[in-house]
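Working through the structure, step by step
What follows is each chain in one-letter form.
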Amino acid sequence: MIGYISDNLLLPILDFFYGLVPSYGLAIVALTVVIRLALFPLSAGSIRSARRMRIAQPVMQKRQAEIKARFASNPQKQQEELGKLMKEFGSPLAGCLPLLVQMPILFALFATLRGSPFADVPYTINLKVLPTEQIAAVEPKPFNSASHSIFVTETDHVPVIASLPGGTKIGTGESVQIQLQTKNGEAFRKVLSDVENGQSFLPNWSVTKGESIVSVSDDGTISALTPGDATVEGKIPGLAARSGFLFIKALGQIGFYTEGAINWDIAILVGAFGLSLFISQLLSGMGMPANPQQATANKITPVMITGMFLFFPLPAGVLLYMVIANIFQALQTFLLTRETLPDNLQAILDDQMKQAQTPATATAGGGSQAGRLPFEPKGGNK
C-alpha cells in the first residue's frame, strides 16, 4: 500500500510542483503542506480528542471508580453506566482512529523522501552459496526485489526491480548476473540509453557481507567463491541527492558528523525539529492548569527524540519535511486550543483552573501566619 500511495499520489504531486518551480527543496515544502492540509481534518480530530481527554480524565477516573464500587455486584448495570460516561465525555481511544487512518500516507511520504530523486536507492540481495554437489538438488526460485521509482530526469521516473531468475542460492564456481528491469520487463540499461547522461544512473555494486564468499563486477555479475552467506548491494544515484536548497548543501546528505567534520546544515535541521516539537507541546497545554509531570515530559521528550536523530541519521530532505510538518502541527495546535469547548468540559476546566489558583492564594494570604512563632500569641500582646 505504501509503495502504491507513493507512486500514484505523492510522486505525481511532486512532479506537479517541480514543474511550477524547478527546485526540489521547494517541492518538498509544497508537498508537505499539501499533504498536511489534506490530513487536517484527521489530525484536528486527534488534537481535539487529546485536549478534551486531558480535561475530562480526572473526572472520568473518579466517576469510573464510583460506578465500579456502586455496581460491583451487577456487571451489566456497571457496563451500562460506564457506557453513559463514555457517551458524555467521549472515549479515550477516539483520537487514535484518525492517527491510524493517516499513518499509511505519512509513511508513504516518509518513504518517498528517502528514495529517488532525493537519495541514492539501495537494492540489497542476500545470497547463499552452496557446494556444487548440493546446488543440483535445489529447486530454483526466482528472486525479485521491492520496486523503487527511479528518477532518470527531473520529471520522468520508472519503477525498477532487481531480479535473479535462478534465485538467491547459487553453487560454488557459478556466476549469475543481477538484472535491473522495469515492471514491464524492460531492461533498465535500455531505459537509460534513451536518457541524456543516462550512464550516470547505473548502480554501484559492492559486497557488504562475505567478501571472501562472493565477488561482484561493475555490471552486477556475481561470482560464487566459497560456500557461505553473503550480501550484495547496488546503489542507484539519486538525481537530486547532491542538489542543495537554501542552507542545505545536499538533500540526500546523511549524518550530523561525517568524515571527521560536522555538517552544520544537518545540525540546524535537527535543532529546528527539536525546537518546533517543543513549541508544539507547549501550545498543546495552553489554557490548561499547570501539570508538573506534563511540564517535565514536555522538556525531556523533544530532547530525547532530537538526540535520536543524531545517532540514527536521516537524509536532509526528510529532516526538512519533518521541520515543516512540525511547524504546521504547531500552528494547527494553536488554532484548535482556541476553540470553544462543550459546556460540560468548560465547566470542568473552570473548576480545575480555580483549584490550581487556590493554593497560591492561600499561601499568599497566610504569609503573616507563617512568620509567627508557634508559641507567640495571636493578638501580639506579650
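Residues numbered from 1 in each chain as written. Predicted model: local features only at pLDDT ≥ 70, side-chain atom pairs only at ≥ 80, totals over all residues. Heavy atoms only, no water.

The next subject is the overall build of the protein chain. The number of helices and strands found in the protein chain is 12 helices and 13 strands. Considering only contacts within the protein chain whose residues lie at least 6 apart along the sequence, 67% involve residues at least 24 apart. Surface exposure of the protein chain reaches about 21400 Å², of which carbon and sulfur atoms provide 60%. (Helix = DSSP H or I, 4+ residues; strand = E, 2+ residues; numbered from the N terminus. Contact = heavy atoms within 4.5 Å. Areas by Shrake-Rupley, 256 points an atom, 1.4 Å probe, with all protein chains shown as cover.)

Attention shifts here to the packing of aromatic side chains. Here the structure, examined in full by the defined rule, presents 1 aromatic pair. Where Phe16 meets Phe17, the ring centres are 5.4 Å apart and the plane angle is 70°; that geometry is what we call edge-to-face. (Phe/Tyr/Trp six-rings, centres within 6.5 Å; stacked < 30°, edge-to-face > 60°.)

Once their charged atoms are close, side chains differing in charge can pair, the charge on each being opposite to the other. Inspection of the entire model under this criterion finds 1 salt bridge. Between Asp229 and Lys128 there is a salt bridge; the shortest N-O distance is 3.2 Å. A residue pair is termed long-range when its members are at least 10 positions apart, and Asp229 in strand β11 (residues 228–236) and Lys128 in strand β1 (residues 121–130) qualify at 101 residues. Residue classification places Asp229 among the partly exposed positions, given a relative accessible area of 37%. (Salt bridge = Lys/Arg side-chain N within 4 Å of Asp/Glu carboxyl O. Buried < 20%, exposed > 50% of the residue type's maximum accessible area, 1.4 Å probe, protein only.)

Two faces belong to every sheet, and in a regular strand the side chains alternate between them. Pairing of β1 with β11, which is carried by 9 bridges, proceeds in the antiparallel orientation. Looking across to β11, one finds that Lys128 is bridged to Asp229. Bridging between β1 and strand β5 (residues 169–171) involves 3 bridges; their strand directions are parallel. In the sheet register, Lys128 faces β5, and the bridge partner there is Lys169. (Pairing = 2+ DSSP bridges.)

With that out of the way, let us pick up the confidence of the model for the protein chain. Scored by pLDDT, the protein chain has a mean of 75; 77% of the residues are at 70 or more. Ignoring residues within four places in sequence, the model shows residues 361–365, a span with pLDDT below 50, making 0 contacts including any to other chains. Confidence drops under a pLDDT of 50 for residues 367–382, and excluding neighbours within four residues, the segment shows 2 contacts in the predicted structure. (pLDDT = per-residue confidence, 0-100.)

Turning to the sheet that holds strand β9 (residues 214–216), a few remarks are in order. With respect to topology, 3 strands assemble into an open sheet ordered β6-β10-β9, the strand pairing being antiparallel. A strand with exactly one partner marks an edge of an open sheet, and here the two such strands are β6 (175–177) and β9. Strand-to-strand twist in this sheet, taken as the mean axis angle between neighbours without regard to direction, amounts to 20°. Sheet analysis places β6 next to strand β10 (residues 221–224), joined by 3 bridges and oriented antiparallel. Across the sheet, Val176 pairs through a bridge with Ile222, a residue of β10. (Axes fitted to C-alpha atoms, helices over the stretch in contact; angles between N-to-C directions.)

With that settled, consider the packing of helix α2 (residues 24–38) against helix α10 (residues 316–336). Relative orientation of the contacting elements α2 and α10 amounts to 40°, with a least axis distance of 9 Å. The pairing of α2 with α10 is recorded here as oblique in orientation. By crossing handedness, the relation of α2 to α10 is classed as right-handed. From α2, Gly25, Ile28, Val29, Thr32, Val33, Arg36 and Leu37 reach across to α10, where they touch Gly317, Leu320, Tyr321, Ile324, Ala325, Phe328 and Gln329. (Parallel < 35°, antiparallel > 145°, perpendicular 65-115°, else oblique. Left-handed = near helix turned anticlockwise from the far one by under 90°.)

By the element assignment, Ser116 lies in the loop between α5 (96–113) and β1. Judged by relative accessible area, which is 5%, Ser116 ranks as buried. Along the backbone, Ser116 and Pro237 are 121 residues apart, and their C-alpha atoms lie at a distance of 7.9 Å. In contact with Ser116, not counting residues within four places along its chain, are Val121, Ser149, Ile150 and Phe151.

This brings us to the pairing of strand β3 (residues 148–151). Bridge analysis of β3 against strand β4 (residues 157–164) gives 4 bridges, and the strand direction is antiparallel. Bridge pairing in β4 places His148 opposite Val160. Counted between consecutive antiparallel strands, the loop separating β3 from β4 contains 5 residues.

In this section: α2. The end-to-end C-alpha distance of α2 is 21 Å, a good match for the 21 Å that 15 residues give at a rise of 1.5 Å each. All of the buried residues in α2 are Tyr24, Gly25, Ala27, Ile28, Ala30, Leu31, Thr32, Ile35 and Arg36. (Expected span 1.5 Å × (residues − 1).)

With respect to topology, 4 strands assemble into an open sheet ordered β5-β1-β11-β8, the strand pairing being mixed. A strand with exactly one partner marks an edge of an open sheet, and here the two such strands are β5 and β8 (204–209). Looking at each pair of strands side by side, their axes are set apart by 35° on average, direction ignored.

So, about the packing of helix α8 (residues 264–284) against α10. Two elements in contact, α8 and α10, have axes separated by 9 Å at closest approach and are oriented at 20°. Judged by the angle between their axes, α8 and α10 are roughly parallel. For α8 against α10, the interelement crossing comes out left-handed. The residues of α10 that touch α8, namely those facing Ile266, Leu269, Val270, Ala272, Phe273, Ser276, Leu277, Ser280, Leu283 and Ser284, are Ala316, Leu319, Leu320, Met322, Val323, Asn326, Ile327, Gln329, Ala330, Thr333 and Phe334. Considering only residue class, the contact of α8 with α10 consists of 15 nonpolar, 6 polar and no charged. (Nonpolar A, V, L, I, M, F, W, Y, C, P; charged D, E, K, R; others polar.)

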